[in-house]
Amino acid sequence: MPATATRKTLAVMVLIPVVVALALWAFAWPAARIAPRDLPIGVAGPATATAPLEQRLAAHDGAFEVHRYDSEAAARTAIEDRAVYGAVIVTPQGPELLTASAASPVVAGLLREAVAAQAPPGTQVKVTDVVATPAGDPRGSAFGASLFPLVLAGAASGIVVTVLGLRRGRATLALLGAAALAGVVGASLADSWLGALSGYWWTEAGVLGLTVFAIGATIAGLAALIGKPGLGLGALLMVLLGNPFSGVASAPELLPVPAGALGQWLPPGAGGTALRSVAFFDGAGAGAALLVLAIWAAAGTTALLVGGRRDRAAALPASAPAAPEAAPVG
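Cut-offs applied
Residues numbered from 1 in each chain as written. Predicted model: local features only at pLDDT ≥ 70, side-chain atom pairs only at ≥ 80, totals over all residues. Heavy atoms only, no water. Helix = DSSP H or I, 4+ residues; strand = E, 2+ residues; numbered from the N terminus. Rg over C-alpha atoms; globule rule 2.2 N^0.38 Å. Buried < 20%, exposed > 50% of the residue type's maximum accessible area, 1.4 Å probe, protein only. Areas by Shrake-Rupley, 256 points an atom, 1.4 Å probe, with all protein chains shown as cover. Axes fitted to C-alpha atoms, helices over the stretch in contact; angles between N-to-C directions. Left-handed = near helix turned anticlockwise from the far one by under 90°. Contact = heavy atoms within 4.5 Å. Nonpolar A, V, L, I, M, F, W, Y, C, P; charged D, E, K, R; others polar. 1 Å grid on protein atoms, 1.4 Å probe; cavity = no way out; pocket = protein on both sides within 12 Å on 5 of 7 lines; lining within 4 Å. Points joined across faces, edges and corners; volume = space filled by probe spheres on them. Salt bridge = Lys/Arg side-chain N within 4 Å of Asp/Glu carboxyl O. Core = buried A, V, L, I, M, F, W, Y, C linked by side-chain atoms within 4.5 Å. Expected span 1.5 Å × (residues − 1). Pairing = 2+ DSSP bridges.

**A closer look at the overall build of the protein chain**
Then comes step 1: Of regular secondary structure, the protein chain possesses 12 helices and 5 strands.
Then comes step 2: For the protein chain, the C-alpha radius of gyration of 25 Å lies well beyond 20 Å, the compact-globule estimate for 330 residues.
Then comes step 3: Along the three orthogonal principal directions, the C-alpha set of the protein chain runs to about 115 × 50 × 35 Å.
Then comes step 4: Buried positions account for 43% of the 330 residues belonging to the protein chain.
Then comes step 5: Carbon and sulfur atoms make up 68% of the accessible area of the protein chain, which totals about 16,700 Å².

Spelled out as structure tokens, the structure:
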């Protein structure tokens, strides 16, 4: 067997197990370590009554980030603004729990279990779902499953544009068109058909499209700058890291450090957060996520244009016609 073929065979034999190990680490590690980490929750009621509850919550070292509110109304507003995932209201009749299953069904269930465990024996904890998941997706499973197709669509658009040899303006136009149509299709399926979303339809389609474009532009831009390795680097960032670190299926605050925070700086996590905000919370809490998507989209587009201009400049000397020889004198 020729030496080149031998090296390629060994490379495949080594590379595939490495990719498998990386994928298992990226997907299985966060799922196996789900637990609250500085999870923002609220406490409302008289200070003398809430102090023992706050002490018990603080005893779970690093698990909860407790926010103090003067009234139940203030706690409800904080939940609707996505400042906290839920709140415990201390009343003379016993503790009451406000949750927002639309923010995270997993967190809502965790809070129910935690508050029930902290309540005196025999006490029935009243639970109110302030912002509930839509009737078409009561467990939030369809929403949680909606991210991966977006990531695949964005990655596919960036790869196809690169493989087809589209450059600069044509590549950008193709990515924009594909992302816009993907947003419309995604909103049609998730909102109009499945009923998993309940916000303003065109806003949802816009967030879906922006997420696809940010991913596609990043992958195509990396390929334009550094060639084929850019496709692998882009897939690593968006698929193997961005998707499992997004926290869409649970919550960023339930993932191990630093996976949850890192995921919100990547388009899949930012897209999931923005979509949840516009679909269930009238856009509350979407600002930072939309800014992250815009930065990735702008950076990817810039890389695509710069890389295309560089390729064009490199090709000009090779394609320029040779200068005619000067005619002999005399």
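**What about the packing of helix 6 (residues 147-163) against helix 8 (residues 201-226)?**
Then comes step 1: It is at 7 Å that the axes of helix 6 and helix 8 come closest, and there the two elements cross at 40°. For the pair helix 6 and helix 8, the crossing hand works out as right-handed. Residues Leu150, Val151, Ala153, Gly154, Ala155, Ser157, Gly158, Ile159 and Thr162 of helix 6 lie in contact with helix 8, whose contacting residues are Leu208, Val212, Ile215, Gly216, Ile219, Ala220 and Ala223.
Then comes step 2: When its residues are assigned to classes, the contact of helix 6 with helix 8 shows 11 nonpolar, 5 polar and no charged.

**A look at the layout of surface pockets**
Then comes step 1: Approximately 670 Å³ is the volume found for the largest pocket.
Then comes step 2: Taken together, 33 residues make up the lining of the largest pocket; nearest its centre are Tyr85, Pro252, Glu253, Gln264 and Thr273.
Then comes step 3: Residue assignment for the lining of the largest pocket shows that the elements contributing at least two residues are helix 10 (259-264), helix 11 (267-280) and helix 12 (287-319).
Then comes step 4: Of the residues contributing to the lining of the largest pocket, the split by class is 20 nonpolar, 8 polar and 5 charged.
Then comes step 5: The wall of the second largest pocket is formed by 17 residues, among which Ser146, Pro149, Gly186, Leu189 and Ala190 lie closest to the centre.
Then comes step 6: Looking at the lining of the second largest pocket, the elements with two or more residues in it are helix 5 (141-144), helix 6 and helix 7 (168-193).
Then comes step 7: No other element matches helix 7, which puts 5 residues into the lining of the second largest pocket.

**So, the pattern of salt bridges**
Here the idea is simple: oppositely charged side chains can pair when their charged atoms come close.
Then comes step 1: For the coordinates displayed, the defined rule picks out 2 salt bridges.
Then comes step 2: A salt bridge links Arg68 to Glu54; the nearest nitrogen and oxygen atoms lie 3.5 Å apart. Of this pair, Arg68 sits in strand 2 (residues 64-69) while Glu54 sits in helix 2 (residues 47-58); the two residues are 14 residues apart in sequence, bridging distant segments of the chain.
Then comes step 3: Judged by its relative accessible area of 34%, Arg68 is partly exposed.

**Points about the nonpolar core**
Then comes step 1: Leu39, Phe64, Leu111, Phe280 and Phe281 are the most contacted members of the largest nonpolar core, which totals 75 residues.
Then comes step 2: When residues of this core are assigned to their parent elements, the largest contribution, 12 residues, is made by helix 8.
Then comes step 3: Contacts of Leu111, omitting those with residues within four sequence positions, involve Leu39, Ile41, Phe64, Tyr85, Gly86 and Leu97.
Then comes step 4: Listed in part, the 5 residues of the second largest apolar core include Leu241, Leu255, Ala259 and Leu266.

**Looking at helix 6**
Then comes step 1: In this model, helix 6 (17 residues) spans 24 Å end to end at C-alpha, consistent with the 24 Å of a helix rising 1.5 Å per residue.
Then comes step 2: Just downstream of helix 6, Gly165 is the residue with a positive phi angle, here 80°.

**Let's talk about the pairing of strand 4 (residues 94-99)**
Here is the key point about a regular strand: its side chains alternate between the two faces of the sheet.
Then comes step 1: Judged by how many residues are buried, strand 4 sits mostly within the fold: 6 of 6 residues are covered.
Then comes step 2: Strand direction decides the pairing type here: strand 3 (residues 86-91) and strand 4, joined by 6 bridges, are antiparallel. Bridge pairing links Thr91 to Gly94 in strand 4.
Then comes step 3: Linking strand 3 back to strand 4 in an antiparallel pair, the connection comprises 2 residues.
Then comes step 4: As defined by bridge partners, strand 4 adjoins strand 5 (residues 126-129) across 4 bridges and the pair is classed as parallel.

**Description of the side chain of Thr172**
Then comes step 1: The topology assignment puts Thr172 in helix 7.
Then comes step 2: You can call Thr172 buried: its relative accessible area is 14%.
Then comes step 3: Every residue in contact with Thr172, bar those within four places of it in the chain, is listed here: Phe213, Thr301, Leu304 and Leu305.

**Quick word on empty space enclosed by the protein**
Then comes step 1: Enumeration according to the criterion identifies 2 cavities of 30 Å³ or more in this entry.
Then comes step 2: Considered as a void within the structure, the largest cavity measures approximately 40 Å³ in volume.
Then comes step 3: As for the largest cavity, its lining consists of Ile41, Leu57, Gly86, Ala87, Val88, Leu97, Leu111, Ala114 and Val115.
Then comes step 4: Listed by contribution, the elements that provide at least two residues to the lining of the largest cavity are strand 3 and helix 4 (105-118).
Then comes step 5: The volume enclosed by the second largest cavity comes to roughly 40 Å³.
Then comes step 6: Ser101, Ala102, Pro105, Thr133, Pro134, Asp137, Gly140, Phe143, Arg276 and Phe280 are the residues that line the second largest cavity.
Then comes step 7: For the lining of the second largest cavity, a count of residues per class yields 5 nonpolar, 3 polar and 2 charged.

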